[in-house]
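Examination of the molecular architecture
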Amino acid sequence: MLGDAKKLIDDFRIDCSPTDSMRSLSAAKQKLVIITRAMARGVRVLALDEPTAALTETETQVLFDYVLELKNRGISIIYISHRLDEIASIADRITVLRDGRVADHLDRGDPAAVTQRVVRAMVGRSVQLESRTGYERGKEMLSVQDLSLAPLNRLGPAQLSTVTLAVHAGEILGVFGSVGSGTDALVGSLLGTSNVHPTGTISVDEKTVSIGAPSEAIRAGIGYVPADRGKDAIFPVLTVAQHITLLRLSDVSAGGVLKPSGESTLAKSYVDRFRIKIGSTDDLIGQLSGGNQQKVVIARLLASDPDIFIFHDPTQGVDIATKKEVYDVIDELAKEGKAVLVVSSDLEEIFLTADRIVVLRAGAVVGTYKTSETTEEEVLAAATADTLSS
């Protein structure tokens, strides 16, 4: 078995050993191993569903090279993605689906023209994603000072190393980094879900707080949209109404008994606001599309009305129309005076949403930038270069 695995690993030039544990590999290498497993069965048609989710740009290019090599070996590839730049650059032919029907077929061509046509086919109109411009920064709402988090094991590097940052009322702070850069550890520390207790200081509204559990984060006024909604945000057997009202049960109950009519009324106001496509608020969330599930998750957070919002990869696996709606919500929250933290591995998303950008690498802050005064190349270099960027 090891011999057969070694031949496949060498054949597809994956930099790992057959005896390595999957958890020790980068996200990109894990994807390559999974695809190679399919190749070991002699498949002739390979379907890839959102294969670059949670991958950095460098890791995405590694995956692309791998996919193109499979194509050159005669494998037929069905590549499913909401990332239009990927579709335009890698696909030979494109089929666009909308509401369960084929909306368009087109061949490869100029990437910009292809992207515009795909967008029109997806949503029935042109959608323009625009960067946020101008904001009024208020008082400091969330800050971390010298935040450190011990390694997962004694031989490993620290998960966080003296991280210092702050986000103000009316401001959107973007936090960018590749897988393993410390972004997940930072979020875990702010939510009280870290495997070990961090050192350093966390302050909310200029008061030092101790957050050892999610309930304490909620009481401190911190709200959160997880990166993996299927694993961390939804209960497939609960209804849309139950999800949206989950953090406001006291408002839809009397004497400790839930009032279904109250749940439905409150939920419907958010369904209408976000144009969530459902039959009724009694629909199970597990039956909705990914984009509509994400809208429900965000609606639940807005219903709880925290002062500080943390969005973690908020548009992963959603279409461009939903993406624009999510970005509009984030922008509106900042304009209402909320403090917003957008943590994302999608560099375009960071530039479209953030006023300032903090870059993490190997658990440390390696650069802080104003979005209007930097470039994607500069930020990416800070996140990946061997020398620190200031």
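Our subject in this report is the structure included herewith.

About the thresholds
Residues numbered from 1 in each chain as written. Predicted model: local features only at pLDDT ≥ 70, side-chain atom pairs only at ≥ 80, totals over all residues. Heavy atoms only, no water. Helix = DSSP H or I, 4+ residues; strand = E, 2+ residues; numbered from the N terminus. Contact = heavy atoms within 4.5 Å. Pairing = 2+ DSSP bridges. Axes fitted to C-alpha atoms, helices over the stretch in contact; angles between N-to-C directions. Buried < 20%, exposed > 50% of the residue type's maximum accessible area, 1.4 Å probe, protein only. 1 Å grid on protein atoms, 1.4 Å probe; cavity = no way out; pocket = protein on both sides within 12 Å on 5 of 7 lines; lining within 4 Å. Points joined across faces, edges and corners; volume = space filled by probe spheres on them. Nonpolar A, V, L, I, M, F, W, Y, C, P; charged D, E, K, R; others polar. Expected span 1.5 Å × (residues − 1). Parallel < 35°, antiparallel > 145°, perpendicular 65-115°, else oblique. Left-handed = near helix turned anticlockwise from the far one by under 90°. Phe/Tyr/Trp six-rings, centres within 6.5 Å; stacked < 30°, edge-to-face > 60°. Patch = residues over 30% accessible without salt bridge, like charges linked within 9 Å, V, L, I, M, F, W, Y side chains within 5 Å. Areas by Shrake-Rupley, 256 points an atom, 1.4 Å probe, with all protein chains shown as cover. Salt bridge = Lys/Arg side-chain N within 4 Å of Asp/Glu carboxyl O. Lys, Arg positive; Asp, Glu negative; His and termini not counted. Charge placed at Lys NZ, Arg CZ, Asp CG, Glu CD.

**Section: the environment of Leu160**
Note that Leu160 resides in strand β6 (residues 160-168). In this structure the C-alpha to C-alpha distance between Leu160 and Ile298, which are 138 residues apart in sequence, comes to 28 Å. If we skip the residues at most four places from it in the chain, Leu160 touches Leu147, Ser148, Leu149, Gly182, Ala185, Leu186, Ser189 and Gly363.

**Observations concerning the sheet that holds strand β10 (residues 222-225)**
Strand order in the open sheet formed by 6 strands is β10-β13-β14-β7-β15-β16, and the pairing between neighbours is mixed. The sheet terminates laterally at β10 and β16 (364-370), the two strands that pair on one side only. Across the sheet, the mean angle from the axis of one strand to that of its neighbour is 20°, orientation sign disregarded. Sheet topology places β10 next to strand β13 (residues 308-312); 4 bridges connect them, and they run parallel. Counterpart to Tyr224 in the pairing with β13 is Ile310.

**Here we look at unusual backbone geometry**
Its identity as a non-glycine residue notwithstanding, Glu206 has a phi of 65°, on the positive side. The exposure class of Glu206 is exposed, given its relative accessible area of 59%. One non-glycine residue, Ala362, lies in the positive phi region at around 55°. With respect to the helices and strands, Ala362 occurs in the loop between β15 (356-361) and β16.

**Comments concerning the layout of surface pockets**
Counted as a void, the second largest pocket has a volume near 1500 Å³. As for the second largest pocket, its lining consists of 45 residues, and the residues nearest its centre are Ser81, Thr95, Val96, Leu97 and Met122. Looking at the lining of the second largest pocket, the elements with two or more residues in it are α3 (57-72), β2 (76-80), α4 (84-90), β3 (93-98), α5 (111-123), α11 (290-304) and α12 (320-335). Residue contributions to the lining of the second largest pocket peak at 6 residues, all from β3. Residue classes in the lining of the second largest pocket are distributed as 19 nonpolar, 11 polar and 15 charged.

**As for empty space enclosed by the protein**
The tally for this structure, following the rule as stated, stands at 2 cavities of 30 Å³ or more. Estimated volume of the largest cavity: approximately 120 Å³. What lines the largest cavity is a set of 14 residues, among which Arg83, Thr315, Gln316, Gly317 and Asp346 lie closest to the centre. By volume, the second largest cavity is sized at about 50 Å³. Every residue lining the second largest cavity is listed: Phe274, Lys295, Ile298, Glu325, Val326 and Val329. Counting residues per element, the ones that place at least two in the lining of the second largest cavity are α11 and α12. Among the elements that take part in the lining of the second largest cavity, α12 stands out by supplying 3 residues, more than any other.

**Considerations on α12**
If you check α12, its first and last C-alpha atoms are 23 Å apart, about what 16 residues at 1.5 Å a residue would give, namely 22 Å. Burial of α12 is extensive: 12 of the 16 residues sit out of reach of the surface. Directly after α12, the chain includes Gly337, whose backbone phi takes a positive value near 95°.

**Here's the deal with the packing of helix α10 (residues 260-274) against α11**
Interhelical geometry of α10 versus α11 gives an angle of 125° and a closest axis separation of 10 Å. On the basis of the axis angle, α10 is oblique to α11. Crossing handedness for the pair α10 and α11: right-handed. Only Lys295, Ile298, Ala299, Leu302 and Ala303 of α11 make contact with α10, whose side of the interface consists of Tyr270, Arg273 and Phe274. Across the contact of α10 with α11, the residue classes tally to 6 nonpolar, no polar and 2 charged.

**So, the packing of aromatic side chains**
Aromatic rings considered in pairs are described by the distance between their centres and by the relative angle of their planes. Summed over the entire model, instances satisfying the criterion amount to 2 aromatic pairs. With a centroid separation of 6.2 Å and an interplanar angle of 75°, the aromatic rings of Phe64 and Tyr79 are classed as edge-to-face. Here Phe64, found in helix α3, pairs with Tyr79, found in strand β2; they are 15 residues apart in sequence, far enough to count as distant. For Tyr79, a relative accessible area of 14% corresponds to the buried category.

**Here we look at a negative patch on the surface**
Judged by side-chain charge, Asp85, Glu348, Glu376 and Glu377 come together as a negatively charged surface patch. Summarising the element assignment, Glu348 is placed in helix α13 (residues 347-353). Residue classification places Glu348 among the partly exposed residues on the basis of a relative accessible area of 39%.

Spatial relationships are all this shows, so hold off on functional conclusions.
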